[in-house]
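Working through the structure, step by step
Each chain, letter by letter, is given below.
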Amino acid sequence: EDLASANALLQMSSQGLRVLSPLVGSGLFAVLGGPSVAIFDAVTFLAAIAAVATVRVAEPEPEDTTRGAFWHDTAEGFRHIRAVPLLAQLALVCAVAFSVIGVSETVIYAVIGQGLHRSASFMGVVLSVQGGGAIISGLTAAFLMKCVGAARTTGLALSCFALGAALYQAGSLTPVLAGAGLDGLGVVWLSVG
């Protein structure tokens with residue numbers, strides 16, 4: 001019952017980090033160069049490792065499972081997806097959409113460099129706008145799911161991506177930033193839907 005809200009919060013926090021972190025990375029890149037960004041990344045990974053190492057977890061030993069249970073359970077999951085038509089359609093649509101999104105994430109570099117004639121560090125601004133869109137969609141995703149359902153939420157997300165891709169073609173700053181905001185809306189709504 002709370003799955004949409006939980007997924008929205010998870011996606012919003014993940015995508016929302018794009019508001020600040022790209023600006024920091026781009027600023028480091030512009031001022032100190034690429035090696036400084038790599039060193040900063042390494043230090044943050046080490047800090048994360050140290051933080052995780054301090055977490056103490058008390059949990060029971062896992063239950064013994066029969067050999068081959070993973071493959072049986074995986075097959076059961078696929079059978080369930082096939083047995084629920086809407087779930088099967090959404091799974092297929094989302095698999096295709098995320099494949100296209102993965103390819104389109106590289107296109108933004110051409111949009112910035114060739115369309116807007118800006119340096120690579122401007123990517124930080126674009127990603128920050130995308131993160132802002134993700135925060136907005138995270139705050140609205142559970143409500144949207146309750147109002148229109150999973151299929152229409154997914155459709156709205158795909159519409160955001162389509163319109164965002166069209167806006168990237170404008171070669172002008174305002175439409176490109178609007179497209180980035182739409183991408184942020186779309187990625188959370190698609191995941192939640």
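See above for the structure.
Okay, so let's go over this structure. (Residues numbered from 1 in each chain as written. Predicted model: local features only at pLDDT ≥ 70, side-chain atom pairs only at ≥ 80, totals over all residues. Heavy atoms only, no water.)

**Focus: the packing of helix H2 (residues 21-32) against helix H3 (residues 34-53)**
Taken N-terminus to C-terminus, the directions of H2 and H3 make an angle of 140°; their axes are 7 Å apart at the nearest point. It follows that H2 is oblique to H3 by the angle criterion. Contacts between H2 and H3 pair Val 24, Gly 25, Leu 28, Phe 29 and Leu 32 from the former with Gly 34, Ser 36, Val 37 and Phe 40 from the latter. Each residue belonging to the contact of H2 with H3 can be placed in one class, and the counts come to six nonpolar, three polar and no charged. (Axes fitted to C-alpha atoms, helices over the stretch in contact; angles between N-to-C directions. Helix = DSSP H or I, 4+ residues; strand = E, 2+ residues; numbered from the N terminus. Parallel < 35°, antiparallel > 145°, perpendicular 65-115°, else oblique. Contact = heavy atoms within 4.5 Å. Nonpolar A, V, L, I, M, F, W, Y, C, P; charged D, E, K, R; others polar.)

**Observations concerning the pattern of salt bridges**
Within this structure, the stated rule accounts for one salt bridge. A salt bridge links Arg 79 to Glu 76, with the nearest nitrogen and oxygen atoms 2.8 Å apart. Placement of both Arg 79 and Glu 76 in helix H4 (residues 69-83) is noted, with a separation of three residues, approximately one turn of the helix. By relative accessible area, Arg 79 is classed as partly exposed at 39%. (Salt bridge = Lys/Arg side-chain N within 4 Å of Asp/Glu carboxyl O. Buried < 20%, exposed > 50% of the residue type's maximum accessible area, 1.4 Å probe, protein only.)

**Some details on the side chain of Asp 183**
When you line up the elements, Asp 183 lands in helix H7 (residues 173-192). Judged by relative accessible area, which is 12%, Asp 183 ranks as buried. For Asp 183, the contacting residues outside a window of four places in its chain are Gln 130, Cys 160, Phe 161, Gly 164 and Tyr 168.

**Some thoughts on the nonpolar core**
By size, the foremost hydrophobic cluster in this structure holds 22 residues, and its most contacted members are Trp 189, Leu 190 and Val 192. Elements supplying a minimum of two residues to this core: helix H1 (3-16), helix H5 (85-115), helix H6 (123-168) and H7. It is H6 that provides the largest number of residues to this core, a total of nine residues. Not counting residues up to four positions away in its chain, the partners in contact with Leu 190 are Cys 94, Ala 97, Phe 98, Ile 101, Thr 154, Ala 157, Leu 158 and Phe 161. Val 111, Leu 116, Leu 127 and Ala 180 belong to the second-largest nonpolar core, a separate cluster that totals 11 residues. (Core = buried A, V, L, I, M, F, W, Y, C linked by side-chain atoms within 4.5 Å.)

**A closer look at a nonpolar patch on the surface**
A cluster of nonpolar side chains, Val 19, Leu 20, Val 24, Phe 40, Ile 135 and Leu 139, forms an exposed patch at the surface whose accessible area comes to about 510 Å². Residue position: Phe 40 is located in helix H3. (Patch = residues over 30% accessible without salt bridge, like charges linked within 9 Å, V, L, I, M, F, W, Y side chains within 5 Å. Areas by Shrake-Rupley, 256 points an atom, 1.4 Å probe, with all protein chains shown as cover.)

**Brief notes about the environment of Met 123**
Along the chain, the position of Met 123 falls in helix H6. The contacts of Met 123, once residues within four sequence positions are left out, are Ser 26, Ile 108, Tyr 109 and Ile 112.

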